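Understanding the architecture of this molecule
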Amino acid sequence: QVQLVESGGGLVQAGGSLRLSCAASGRTFSSSAAGWFRQAPGKEREFVAAISWSRGTYYADSVKDRFTISRDNAKNTVYLQMNSLKPEDTAVYYCAADHHDYGGSGSRGYDYWGQGTQVTVSS
């Protein structure tokens, strides 16, 4: 099995930036898709971004042009660069891995999940 550990969350003012990291062990991301999801209090978990070898990168409309997902295979790590943050971006952010390399927007398509990292954006 694979273990995923997120880091990089914290408190930031609106308009600021954060970079989240997701480090994997037990399996590499070299042939797997990776995704980021988030869940705000009282709301359902929603798709944020994904990266796969077969499909490239894609984003939820709410974060497109502000967030960038990338990967460093040498470090077995996936990143989410978040710029121009808004208060509505406040949520717990989760990384996930899809061994099928599909990287869809549905959470049920992912096999492994991290424990999440809190991102809070103040107004």
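One structure accompanies this document, and this report is about it. All values reported here derive from a predicted model rather than from experimental measurement.

Definitions and cut-offs
- Residues numbered from 1 in each chain as written.
- Predicted model: local features only at pLDDT ≥ 70, side-chain atom pairs only at ≥ 80, totals over all residues.
- Heavy atoms only, no water.
- Buried < 20%, exposed > 50% of the residue type's maximum accessible area, 1.4 Å probe, protein only.
- Helix = DSSP H or I, 4+ residues; strand = E, 2+ residues; numbered from the N terminus.
- Pairing = 2+ DSSP bridges.

1. So, unusual backbone geometry
Here the phi dihedral of Ser84 falls at roughly 50°; this positive angle occurs in a residue that is not glycine. With relative accessibility at 41%, the residue Ser84 sits in the partly exposed group. Unlike most non-glycine residues, Asp101 shows phi in positive territory, near 60°. Along the chain, Asp101 turns up in the loop between strand 9 (91-98) and strand 10 (112-113). Of the residues examined, Asp101 reaches a relative accessible area of 12% and is grouped as buried.

2. Here we look at the pairing of strand 6 (residues 56-59)
Judged from the 4 bridges that link them, strand 5 (residues 46-52) and strand 6 form a sheet pairing that is antiparallel. Looking across to strand 6, one finds that Ala49 is bridged to Tyr59. If you look at the hairpin formed by strand 5 and strand 6, you'll find 3 residues sitting between the two strands.

3. Some words on the environment of Arg45
Relative to the helices and strands, Arg45 resides in the loop between strand 4 (33-39) and strand 5. Of the residues examined, Arg45 reaches a relative accessible area of 34% and is grouped as partly exposed. Taking the C-alpha atoms as reference points, Arg45 and Ala91, 46 residues apart in sequence, are found 9.3 Å from one another.

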